[in-house]
Amino acid sequence: MNKFITTIKNIFAIEDLRMRIFNTLFFIAIYRLGSYVVLPGVDPTQLKQGGATGVLGILDTLLGGAFSQASIFALGIMPYISASIVLQLLTIAVPYFQKLQKEGESGRKKINQYTRILTIPIVALQSVGFIATINAEAIINPGVFFTVSTAMIVTAGTLFCMWLGEKITDKGIGNGISMIIMIGIVSRLPGALIGEATARTMRGSLIFLIELVVLFLVVMAVIILTQAVRQIPVQYAKQIGGAASLSSQRQYIPMKVNAAGVMPIIFAQSLMFVPAIAASAWNKDSETAGLIGTWFQPNHWVYNVVFGLLIIIFTYFYTAISVNPNQIADDLKRSGGFIPGVKPGRDTSEYIDEVLTRITLPGAVALAVIAILPSLATVAGITRPFAQFYGGTSLIIMVGVVLDTMNQVKSYLLMRHYDGMMKTGKVRGRSQNIALAS
């Protein structure tokens with residue numbers, strides 16, 4: 001506990017880090033205030049009570065309730081995420097974007113600019129779909145003017161959220177886009193926790209305590225999955241006078257067990273929208289449409305089995321497009337590195353691909369299990385808002401952003417520590433003596 005308090009003091013003792021934390025809190029406060037500003041022409045008292053359900057309920061959780069509250073930030077940063085996914089796929093299929101990806105920082109800036117531009121038509125289309133989800137009784141004056149003005153306001157709200165995310169990255173502690181998503185998720189936690197505690201009071205506090213213990217274990221499992229790596233040993237021969245010496249330096253290539261992150265869940269959830277939409281568009285009196293509509297409800301076992309299989313497939317797919325064994329093998333060969341017992345070049349590439357294939361399977365299965373845990377928690381009797389924190393996209397995003405933020409703060413503390421070492425001791429004295437001598 002003393003170490004934790006000392007770390008907090010050190011964090012606020014660094015002026016630059018302190019200002020970045022305050023800037024981050026300021027931008028987050030603006031985002032949360034905007035989430036409560038209801039769109040013009042919408043009567044908030046007529047909105048559906050209890051928020052969105054089903055797949056839209058998951059989206060509402062990621063947006064911190066802004067979707068169900070029909071706020072000016074109703075779509076939040078999600079259209080930007082959709083545009084980012086499209087650009088990532090284009091870097092695989094289109095040679096121009098492949099070239100940009102290899103150009104380093106300048107190429108990334110151009111890709112980011114294209115992502116911003118693509119966000120505009122995506123949010124414009126999604127805003128029309130969002131208007132269709134608003135309760136008709138809540139719209140004061142429905143018509144073309146309301147649709148156009150609301151679409152423009154929602155589009156502007158998403159662009160403003162993008163700007164806030166970039167400001168958090170530049171002026172705050174980093175990871176601005178991810179930070180905005182995480183804050184939306186965390187904002188629902190207190191209400192969900194209070195609701196679950198109230199519901200369990202009737203049956204006994206022991207069950208609620210068990211639920212908290214299980215939640216803690218699930219969070220620990222997600223942290224392990226996020227941090228788990230398979231280290232491939234690599235040796236670099238030391239060069240002396242142009243010839244390699246007998247001594248060598250060993251390093252490691254860290255291969256993440258879950259290299260795809262949360263993207264497979266997002267891809268799988270996007271596809272799981274299709275059966276429900278098809279069933280609703282079909283003949284509602286049809287027995288087949290009713291059966292499909294029942295099967296593909298988030299709590300049905302068919303939905304969860306298909307969802308889990310899609311996650312495993314997309315984990316392999318996204319890992320294959322994000323990790324290139326051939327490029328890793330070529331980089332090792334150019335830098336004079338080699339894997340012990342493996343020939344450089346093609347053999348190294350095949351070895352890395354084999355290792356990646358083996359570690360991806362347990363990572364994909366674990367990711368699928370974590371994704372369906374909220375449905376299992378709901379079936380077990382846990383309230384739906386609180387069950388969303390037992391896994392899925394929400395928990396993985398929260399854990400990932402918190403870990404990244406902790407690493408950012410740690411890097412600032414390390415830099416400050418090194419700076420303090422340079423200002424004291426022999427180095428400082430030596431510089432003073434040189435200045436006096438000159």
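Reading the values: rules and limits
- Residues numbered from 1 in each chain as written.
- Predicted model: local features only at pLDDT ≥ 70, side-chain atom pairs only at ≥ 80, totals over all residues.
- Heavy atoms only, no water.
- UniProt positions renumbered as here; feature names shortened; annotations may be inferred.
- Phe/Tyr/Trp six-rings, centres within 6.5 Å; stacked < 30°, edge-to-face > 60°.
- Helix = DSSP H or I, 4+ residues; strand = E, 2+ residues; numbered from the N terminus.
- Buried < 20%, exposed > 50% of the residue type's maximum accessible area, 1.4 Å probe, protein only.
- pLDDT = per-residue confidence, 0-100.
- Contact = heavy atoms within 4.5 Å.
- Salt bridge = Lys/Arg side-chain N within 4 Å of Asp/Glu carboxyl O.
- 1 Å grid on protein atoms, 1.4 Å probe; cavity = no way out; pocket = protein on both sides within 12 Å on 5 of 7 lines; lining within 4 Å.
- Points joined across faces, edges and corners; volume = space filled by probe spheres on them.
- Nonpolar A, V, L, I, M, F, W, Y, C, P; charged D, E, K, R; others polar.

Looking at an unreviewed UniProt entry, the protein chain carries the name Protein translocase subunit SecY, with the source organism given as Hymenobacter endophyticus. In the Sequence similarities (unreviewed entry) part of its UniProt record, the protein chain is described as follows: "Belongs to the SecY/SEC61-alpha family."

**Digging into the packing of aromatic side chains**
One pass over the full model with this rule turns up eleven aromatic pairs. For the ring pair Phe27 and Trp163, a centre distance of 6.4 Å and an interplane angle of 80 degrees mean the geometry is edge-to-face. Of this pair, Phe27 sits in helix α2 (residues 15–34) while Trp163 sits in helix α7 (residues 144–171); the two residues are 136 residues apart in sequence, bridging distant segments of the chain. For Phe27, a relative accessible area of 10% corresponds to the buried category. The partly exposed category is assigned to Trp163, whose relative accessible area is 41%. Between Tyr96 and Tyr114, the aromatic rings sit 6.4 Å apart at their centres with planes inclined by 70 degrees, giving edge-to-face as the arrangement.

**Points about the confidence of the model for the protein chain**
In the predicted model, the protein chain carries a mean pLDDT of 80, and the fraction of residues at 70 or more is 82%. Ranking the elements of the protein chain by mean pLDDT puts helix α18 (residues 426–437) last with 38 and α7 first with 92. Low pLDDT, under 50, characterises residues 243–247; the predicted model gives this stretch eight contacts beyond four residues in sequence or across chains. Segment residues 418–438: pLDDT under 50, and three contacts once partners within four positions in sequence are set aside and those in other chains are kept.

**Notes on unusual backbone geometry**
Of note, Ala70 is a non-glycine position whose phi angle comes to about 50 degrees, a positive value. For Ala70, the location among the structural elements is in the loop between α3 (54–62) and α4 (78–93). Although it is not a glycine, Asn175 sits at a positive phi angle of roughly 55 degrees. Along the polypeptide, Asn175 turns up in the loop between α7 and α8 (176–186).

**A word on the pattern of salt bridges**
Within the structure shown, the criterion is met by five salt bridges. Here Glu350 and Arg346 are joined by a salt bridge, their closest N and O atoms 3.2 Å apart. Placement of the pair is Glu350 and Arg346 together in helix α15 (residues 346–379), with a separation of four residues, close to one helical turn. You can call Glu350 partly exposed: its relative accessible area is 41%.

**Topic: the layout of surface pockets**
A volume near 710 Å³ is recorded for the second largest pocket. Lining of the second largest pocket is provided by 23 residues; of these, Ala320, Ile321, Ser322, Val323 and Asn324 occupy positions nearest its centre. Among the elements that line the lining of the second largest pocket, the one with the most residues is helix α13 (residues 301–322), at six residues. By residue class, the composition of the lining of the second largest pocket is nine nonpolar, eleven polar and three charged.

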